[in-house]
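The primary structure of each chain is shown beneath.
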Amino acid sequence: MKLDINGTVREVDAPPEMPLLWVIRDLLGFTGTKFGCGMAQCGACTVHVDGQPVRACVTPVSTVGARKVRTIEGLSPDGSHPVQRAWLEADVVQCGYCQSGQIMTTVALLEQRPDPTDTEIDAALSGNICRCGTYNRIREAVHLAAKLSRGGGK
Amino acid sequence: MTLTRRELLRTSVTSAAGLIVAFQVVPRVARAAGPAPATPPLPPANAFLRIGTDDSVTVLLAHSEMGQGSWTGLAMLVGEELECDWSKIRCEHAPAAPVYAHPVFGMQMTGGSSAQWSEFDRYRTVGATAKDMLVRAAAARWKVPPGSCKVANGVVSHGKDQLSFGKLAEAAMKLAPPKSVKLKDPKDWKIIGTKVRRLDGPAKVDGTAKFGMDVQFPGLRTAVIARPPAFGAKLAKFDASAALKIPGVEQVVQAGNGVAVVAKHFWAAKLGRDALQIDWTPPEGGGVETARMLADYREKAKTPGAEVKKHGDVGAAMGNAKTKLVSQYEFPYLAHAPMEPLNCAVKIDGDRCEIWTGTQFQTNDQMFAAKILGIKPENVTLHTMFLGGGFGRRATPTSDFVSEAVLTAKAAGVPVKVVWTREDDIRGGYYRPAFVHRIQAGLDEQGRPVAWDHVVVGQSIVAGTPFEGMMMQHGIDPLSVEGLADSPYLESAGALRVSLHTPKTAVPVLWWRSVGVTHTAFAMESMIDEAAHAAGQDPLAYRIALLKDKPRHAAALQLAADKAGWSSPPAPGRARGLAVQESFGSIAAEVAEVSIEHGRIRVHAVTCVIDCGTAVNPLAVEAQVQGSVAYGLSAALYGKLTLAGGRVQESNFHDYPVVRMFDMPKVTVHVIQSKAKMGGIGEPATAPIAPAVANAVFALTKQRLRSLPLQLADEAKGS
């Protein structure tokens, strides 16, 4: 089957029920998207399908069809996406394992809500677990990214 | 394995990483080793630093980066003395080799909140040594005295002459290292003590950071292992025929007490495992039941165990006390649940083996792999990848996840990456042990503790491991009782008895972020709070009075209370609680502000004061404190494993919940730069949060919660 991923259509030989996560990681080699729970509990595997955040670990690859998949690797060629810049500015990461998912969820949030309230941040990001407990700085970075996206920052 | 200079040179030629400055490093006084010997023995030639011809400065890390920030903090120590261009500095995990052994613990490992204090002198000396050699190389080139040269931002200069480190690296490498170096006076520090953003940040926001899970190379297969479903169960027989029919599954092999399905990719391996037919021999005696086990622990707690500490006549002092309190505190088994499930890739080639994994325990892993394969430890090349969280789980005395991967690769005859599922992780053992504490406290007329009888019941972490001989003291595992015998609250108690029962079970246990104080701090700080209320005193004033000879504890607690607004009442419906605990050489005091929302405990804000002596990177200290609070709060509010028939009932984040964004309080951190002996920062703020929250819940509801996780009785839920 064909998969449109990060702007390129790739041929993949995968059983239809194989989760998108493992197609992305094990067959296509995009390892920035992480495996954390396998049951849509932790958000580490969050990618975008036509701009919507989905949990790749429970998304059968056959359901993606011709829709466009975007992973952390497709966010920017050089780490310059406003959300990535905000993450660096706020020095968010610790172990870093969950952060691809946190960032992809945030990018989708900001596309829907350019200036989210704390309540909206809670609602959007409570599906993404961080065991290092970087939540305070994630919140700070989301607000900062909103500002950067609006051109209000540097 | 000793890296000689020649070997390092060879490495530099083949790695295209530039040139290496290799030199001797004389260790300074080890923190735990007492006074320095008159002539410290020279370690083998070290290489902690490479300076490339492109001016790049690469620091080799003897400690694994698992989120705690060593990737930045150790580089700061080198950079401080080296005077390099900070934008040119980068880090690599060191290979597994004796030269990278922990300066105090003697093995290459990451744990005990020790990277910064234990490496403080060694990594600064590395920087100073390299700078000395670069300056001498420049001075020789210009035929001027080294003392007349200046160094700044990666450039050595003399008058108008300037040479960058990269241009000097080759010449510097040919020089003899200095016999000694003088480290900077702290007043001259430019990097230490400043807020420095993480060097691993960019790779962790664009998906390029490589964790063990991300290791891929041609020929590497993925294995998922069926492990015994109950602790104590044993593999009897298995039928792999259905598994082998799954497309992508290549073989099924026995790996120790488990059955490994080896496949082209994870998904096939996982489906293959689901299809295995396995007969397990059930555990003897039916397996651990936590309900029954805790009932047994409660019985044991009624009588003293092995003596940990005793002074005075506890019975007599208790009899003379004006008020007597008896309380029991209980703690469940806890899984670490790091975000990255365990994994380990292994490639065996004749009498050599290569391992890629995120580990906290390189020396141990190397020894176990060598033993399994019957090869020399130095023939085991270990690549430390980024760790997607450690919290202690990636430092097992048995090297469990490395050992089984080596067994699997050996049996399969192909390179294999073993990947754990989250269910494997939650049910795989190596837990924070369950504990019961029973405390009898006698208070005098003023409400002060004058008699304290404390019985602890719980499994030993080190008993039965290779560390037993080194760590057990007269049958006492110090990790079971740390923070009790030396409690700052009990210094003036006339009679004290701390004793320990150490039952054995089939459940493997392990250090879990902040180890013993995860339970001892809760017991102590809850009981002291009970004593304060029994005495009719303010919980802060009561503690401060008891801490009169502990100025650092008192200062931290007072500052936390001041910053949290202790003297003014919280908003209606809210209450505050506090706790202070010393661990890993640092003191953490916390104030939690809570309310009850929809029948649940909600923690709104946490104020934490940390005194770790010298904070190398306050930005990292803040991050570690916030993270520790989140980790401790997960245990306070949610963490609990339940066993029936030896089987763990919980399996994933839906039934083993952890703190998420919506329940994360705002954590405000204040650092006291006390200049006291340097302590750790990765763990100390973990333990105080649970008692601070429980004490706040008491202040709010008059309900004293003595078991973790904290669960409100029904009558308190509606308030």
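Just so we're clear, the structure is a prediction, and the values are computed from it rather than from any experiment.

A few words now on the overall build of chain B. The number of helices and strands found in chain B is 20 helices and 27 strands. The C-alpha atoms of chain B give a radius of gyration of 27 Å, which matches the 27 Å a tight globule of 719 residues would have. Projected onto its principal axes, the C-alpha positions of chain B cover 80 × 70 × 45 Å. For chain B, buried positions account for 57% of its 719 residues.

Our next topic: the overall build of chain A. If you tally the helices and strands in chain A, you get five helices and five strands. The order of α-helices and β-strands along chain A, N terminus first, is β-β-α-β-β-β-α-α-α-α. Dimensions of chain A along its principal axes, counting C-alpha atoms only, are 45 × 30 × 25 Å. For chain A, buried positions account for 62% of its 154 residues.

Taken together, the contact between chain A and chain B spans 44 residues of the former and 50 residues of the latter. If you list the elements that add at least two residues to the side of chain A that touches chain B, you get α1 (20–27), α2 (82–89), α3 (99–112), α4 (118–125) and α5 (135–149) of chain A. Residue classes in the side of chain A that touches chain B are distributed as 23 nonpolar, 16 polar and five charged.

This part is about unusual backbone geometry. The phi angle of most residues is negative, glycine excepted, and most peptide bonds adopt the trans form. Going from B:Leu708 to B:Pro709, the amide bond is cis rather than trans, its omega being -5°. Its place among the elements puts B:Pro709 in the loop between α19 (689–701) and α20 (714–717). The phi angle at A:Asp91 is positive, at roughly 50°, despite the residue not being glycine. One non-glycine residue with positive phi stands out, namely B:Lys675, at about 65°. Examined against the element boundaries, B:Lys675 turns out to sit in the loop between β27 (666–672) and α19. Judged by local crowding, B:Lys675 falls into the exposed class, with 10 C-beta atoms found within 10 Å.

Now for the confidence of the model for chain B. Residues and elements named next belong to chain B. Residues of chain B with pLDDT of at least 70 account for 93%, and the chain-wide mean is 93. Low pLDDT, under 50, characterises residues 1–19; the predicted model gives this stretch 38 contacts beyond four residues in sequence or across chains. Here residues 21–46 scores under 50 on pLDDT; set against residues more than four positions off or in separate chains, the count is 50 contacts.

Conventions used here
- Residues numbered from 1 in each chain as written.
- Chains lettered and ligands numbered in written order.
- Predicted model: local features only at pLDDT ≥ 70, side-chain atom pairs only at ≥ 80, totals over all residues.
- Helix = DSSP H or I, 4+ residues; strand = E, 2+ residues; numbered from the N terminus.
- Rg over C-alpha atoms; globule rule 2.2 N^0.38 Å.
- Buried ≥ 20, exposed ≤ 12 C-beta atoms within 10 Å, placed from the backbone.
- Contact = placed C-beta atoms within 7 Å.
- Nonpolar A, V, L, I, M, F, W, Y, C, P; charged D, E, K, R; others polar.
- pLDDT = per-residue confidence, 0-100.

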